[in-house]
Amino acid sequence: MRLRTEIEESLGRFRAWLAGLPDRGRTARLVVGLVLYLFAFGVLVALNVLLRAGGLWGDLLFALVVLTAVLWLLTRATTPLLGRKKSFRAFPRAASAALFGLVGLPVAVVTWPVGAVLLLLPVLAWIGLALAQGLGRRTVPLPPLWAAALVGLGMLLLFLVLRQPLTREDRVPRAVPPGALDETYAELAARFRPLLFFDSAEQRYPLDIEEAIAEGRIDMCRGALSRDACVDVGSPAEIDDGYDYLEVSDAPAPRRGGDSGSAYYYHVVRRGERVYVDYWWFYARNPSPVAGEVFCGPGLRTPPFTCQEHAGDWEGVTVELAPCAEPSDTCADLGGELLGPAAVRYAQHEHVVAHAWEELEERWLSLPRPASAALGPVWEASVLPAAADPGARPLVFVARNSHASYPRACFGGCRQSTRDLPEGRFDGGQPWTHNEGECDGCLKPLPVTAAGAPALWNAFTGRWGAQRCILGGAYCDLSGAPRGPALQGRYRDPGGEDA
């Protein structure tokens, strides 16, 4: 109380001194204005240093300071309009509202439903008491609402600190030995494997998961209050489903088009007479395709509501096979049964877009030439011969950064097929290194058990991506990464329209 009294007396003397400035001349007013400006500039510099040096905690504190200041100014400005008393305390209300919105609500979401109950219980109790007081059933003065909000926030954070972590027991089933896999399906997957064409400015290519594990570039991580706890994955058998996500680091920059560390995976499913060959590939990063500089800034890192840039990206296509009437170049023999492509389903963001095989063949025979002369030799040497006679292998044009799959090229002003939103360019200027030849280990089966259930890293139920979070995953540097193939709709129902 004494310190508060001294501060108030000092502020009173300063205000009295300012009131007498008109009598002191222009020089004094200029000096005071310069001092105040330098003070404000110093605060701005300090906040920027905090933002850059403090990591996610500094980022969040920066957002809290700015939001509190704005709410405080708005509250003070509306005090006379709403007839509030002079004793109305604007700052605690502004600070509690900022904490409730930027900390309380995101933490309540990631700890649902217990976290939501703890956060809202004091507020709901205050509302109940206020209603009872309005009905004349209570005469004891109520504490301020902002105090109830802070109590709820304190209970929520205490729960976040004390809650038990997930078990460390390895619950992921062992992989089937390679010899137990169906060799017929392997031949089928090799026969119809897609040809990948990346944008001329693409910097990332499909990763070989097993090689990344062998090189120590995959860690298992669990969200915590202050800093996520991560351990290295030494082998596929060590992956523990009790962790929240896998952190996958980018490999050293590969040569353009990928290298020996680039691979993709397949999974074959039969539904009656139809056979679906599901192809999957993984990228270590998916930059935001729309306004990432805006929606991934301080205070807007509360996935999945704002920042849509995420680490890790599983993409691919599904080739739908149907019985053939007679043998041809596009038909394969599956144990005496002739099967050929009927459609190709392209994974594009949250959706899968199906195209009939006949439509695709006509489209590929009339592919447009690139507008840029610099891409001409690359285009003519790689895409046009493949397009003229693709055989039974579908063409896939990969959008830059978002890595969505398309059946055609786009050289500018690209849009998403399923939504009226901008899309990264996909000019097809970089063919994948493994398009030609026998692939030599670049096509691998997704790990499954003897019964066909997901195994090893394919059975991991957490997310795939190098994500840094605080507050138990409520505030992160990036949006939530996708889950593995076995947790996605295209794997469970390859003939459906949803990813």
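Residues numbered from 1 in each chain as written. Predicted model: local features only at pLDDT ≥ 70, side-chain atom pairs only at ≥ 80, totals over all residues. Heavy atoms only, no water.

*Asks:* Just to check I follow, could you spell out the overall build of the chain for this structure?
*Replies:* Looking only at helices and strands, the chain features 12 helices and 17 strands. By residue count, 44% of the 499 residues in the chain fall in the buried class. Of the roughly 25300 Å² of accessible surface on the chain, 60% is carried by carbon and sulfur atoms. (Helix = DSSP H or I, 4+ residues; strand = E, 2+ residues; numbered from the N terminus. Buried < 20%, exposed > 50% of the residue type's maximum accessible area, 1.4 Å probe, protein only. Areas by Shrake-Rupley, 256 points an atom, 1.4 Å probe, with all protein chains shown as cover.)

*Asks:* Looking at this structure, I do not really get the state of the cysteines. What am I missing?
*Replies:* Each disulfide is one covalent bond, formed between the sulfur atoms of two cysteines. For the structure shown, the criterion picks out four disulfides. Across a sulfur-sulfur distance of 2.1 Å, Cys 324 and Cys 331 are joined as a disulfide pair. The S-S bond linking Cys 324 to Cys 331 shows a torsion near -105°; that makes this disulfide left-handed. Each sulfur in the disulfide pair Cys 410 and Cys 414 lies 2.0 Å from the other. Handedness here is read from the sign of the S-S torsion; for Cys 410 and Cys 414, about -110°, the answer is left-handed. Cys 414 matches Cys 410 in its accessibility class, with the two residues each being buried. (Disulfide = S-S within 2.5 Å.)

*Asks:* Explanation requested: the sheet that holds strand β1 (residues 195–198) in the structure shown.
*Replies:* Picture the strands of a sheet paired through backbone hydrogen bonds; they go either parallel or antiparallel. The mixed open sheet is built from four strands, whose spatial order is β12-β11-β1-β13. With partners counted over all chains shown, the strands left at the sheet margins are β12 (405–406) and β13 (430–431), one partner each. The sheet contact formed by β1 and strand β11 (residues 395–398) spans four bridges and is parallel. Bridge pairing in β11 places Leu 195 opposite Leu 395. (Pairing = 2+ DSSP bridges.)

*Asks:* Mind showing me how you'd approach the packing of helix α3 (residues 55–78) against helix α4 (residues 90–110) here?
*Replies:* Two packed helices can be described by the angle between their axes and the distance between those axes. Contact geometry of α3 with α4 gives a least axis separation of 8 Å together with a crossing angle of 135°. With respect to their mutual orientation, α3 and α4 come out oblique. For the crossing formed where α3 meets α4, the hand is right-handed. Across from Leu 60, Ala 63, Leu 64, Leu 67, Thr 68, Leu 71, Trp 72, Thr 75 and Arg 76 in α3, the residues of α4 making contact are Ala 90, Phe 91, Ala 94, Ala 95, Ala 97, Ala 98, Leu 99, Leu 102 and Val 103. Taken together, the residues of the contact of α3 with α4 break down into 15 nonpolar, two polar and one charged. (Axes fitted to C-alpha atoms, helices over the stretch in contact; angles between N-to-C directions. Parallel < 35°, antiparallel > 145°, perpendicular 65-115°, else oblique. Left-handed = near helix turned anticlockwise from the far one by under 90°. Contact = heavy atoms within 4.5 Å. Nonpolar A, V, L, I, M, F, W, Y, C, P; charged D, E, K, R; others polar.)

*Asks:* Sorry, what's going on with the sheet that holds strand β15 (residues 463–464) here?
*Replies:* An order of β3-β2-β4-β15 is seen for the four strands of this open sheet, with the pairing classed as mixed. Two strands close off the open sheet at either side, each with one partner strand: β3 (229–232) and β15. The sheet contact formed by strand β2 (residues 218–222) and β3 spans four bridges and is antiparallel. Counted as the bridge partner of Arg 222 is Ala 229 from β3.

*Asks:* What's the story with the nonpolar core in this structure? I'm lost.
*Replies:* Nonpolar side chains in soluble globular proteins tend to end up buried together. Counting 43 residues, the largest nonpolar core has Leu 188, Phe 192, Tyr 279, Trp 281 and Leu 321 as its most contacted members. Contacts of Leu 188, omitting those with residues within four sequence positions, involve Val 275, Val 277, Tyr 279, Leu 321, Ala 332 and Leu 334. Judged by nonpolar contacts, the second largest core, of 26 residues, contains Val 172, Ile 218, Phe 282 and Leu 446. (Core = buried A, V, L, I, M, F, W, Y, C linked by side-chain atoms within 4.5 Å.)

*Asks:* Looking at this model, I keep getting lost on the packing of α4 against helix α6 (residues 145–162). Mind explaining?
*Replies:* Running from N to C, α4 and α6 cross one another at 35°; their axes reach a closest spacing of 9 Å. As for how α4 packs across α6, the hand of that crossing is left-handed. Contacts between α4 and α6 involve Pro 92, Arg 93, Ser 96, Leu 99, Phe 100, Val 103, Gly 104, Val 107 and Ala 108 on the former and, on the latter, Trp 146, Ala 149, Leu 150, Leu 153, Leu 156, Leu 157 and Leu 160. Of the residues contributing to the contact of α4 with α6, the split by class is 13 nonpolar, two polar and one charged.

*Asks:* I'm lost on the pattern of salt bridges in this one. Help?
*Replies:* Between side chains of opposite charge, pairing is possible as soon as their charged atoms come close. According to the stated counting rule, one finds 11 salt bridges in the structure shown. Salt-bridge contacts for Asp 208 lead to Lys 444; the nearest nitrogen and oxygen are separated by 2.6 Å. Within this pair, whereas Asp 208 is found in the loop between β1 and α8 (209–214), its partner Lys 444 is found in strand β14 (residues 443–445), the two being separated by 236 residues in sequence. Through salt bridges with shared partners, one network takes in Asp 199, Arg 400, Arg 425 and Asp 427. (Salt bridge = Lys/Arg side-chain N within 4 Å of Asp/Glu carboxyl O.)

*Asks:* Can you walk me through unusual backbone geometry in this structure?
*Replies:* Excluding glycine, a negative phi dihedral is what most residues carry, and trans is how most peptide bonds are arranged. For the bond running from Trp 112 to Pro 113, omega is 0°, close enough to zero to count as cis. Following the sequence through the fold, Pro 113 ends up in the loop between α4 and α5 (114–134). Despite not being glycine, Asn 401 shows a phi value in the positive range, around 70°. A positive phi angle, close to 50°, is found at Leu 456, a residue other than glycine. Tracing the backbone through its elements, the reader meets Leu 456 in the loop between β14 and β15.

*Asks:* When you look at α4 in this model, what are you seeing that I'm missing?
*Replies:* In an α-helix there are 3.6 residues to a turn, and that puts residues three or four apart on one side. Helix length check: α4 (21 residues) gives 30 Å between terminal C-alpha atoms against 30 Å at 1.5 Å per residue, within 8%. The largest bend in α4 amounts to roughly 35° and is located at Phe 100. (Expected span 1.5 Å × (residues − 1). Bend = angle between axes of the 7 residues up to and from the residue.)

*Asks:* Hey, could you run me through the environment of Ala 342 in this one?
*Replies:* Counting through the fold element by element, Ala 342 comes out in strand β9 (residues 337–348). Sequence spacing of Ala 342 and Val 275 is 67 residues, and the spatial spacing of their C-alpha atoms is 10.0 Å. Non-local contacts of Ala 342, meaning those with residues more than four positions away in its chain, are made with Arg 274, Glu 320, Leu 321, Ala 322, Ala 356, Trp 357 and Glu 358.

*Asks:* Looking at this model, I keep getting lost on the pairing of strand β10 (residues 351–356). Mind explaining?
*Replies:* Two faces, one strand: in a regular strand the side chains alternate between the faces of the sheet. Both β9 and β10 contribute to a ladder of six bridges, which runs antiparallel. Note on β10: the bridge partner recorded for Ala 343 is Ala 356. Between β9 and β10, which pair antiparallel one after the other, the connecting turn spans two residues, and His 349 there sits at a positive phi close to 60°.

*Asks:* Whenever I open this one, the side chain of Asp 240 confuses me. Can you help?
*Replies:* With respect to the element layout, Asp 240 can be found in the loop between β3 and β4 (245–248). We note that Asp 240 is buried and unpaired, the nearest opposite charge coming from Arg 222 at a distance of 5.1 Å. At 2.8 Å, the side chain of Asp 240 forms a polar contact with the backbone nitrogen of Gly 242. (Lys, Arg positive; Asp, Glu negative; His and termini not counted. Polar contact = N/O pair within 3.5 Å; in protein donor to acceptor, adjacent residues only side chain to side chain.)

*Asks:* Is there a simple way to explain the packing of aromatic side chains in this structure?
*Replies:* The geometry of an aromatic ring pair comes down to the distance between the two centres and the angle between the two planes. Applying the stated rule across the entire model yields 13 aromatic pairs. An angle of 55° between the planes, with centres 4.6 Å apart, marks the rings of Tyr 264 and Trp 432 as tilted. Of this pair, Tyr 264 sits in strand β5 (residues 264–271) while Trp 432 sits in the loop between β13 and β14, and the two are 168 residues apart along the sequence. Judged on exposure class, the residue Tyr 264 and its partner Trp 432 are both buried. Centroid distance Trp 314 to Trp 464: 5.4 Å. Interplanar angle 85°. Geometry classified as edge-to-face. Here Trp 314 is found in strand β7 (residues 310–323), whereas its partner Trp 464 is found in strand β15, with 150 residues between them in sequence. Each member of the pair, Trp 314 as well as Trp 464, carries the same accessibility label: buried. (Phe/Tyr/Trp six-rings, centres within 6.5 Å; stacked < 30°, edge-to-face > 60°.)

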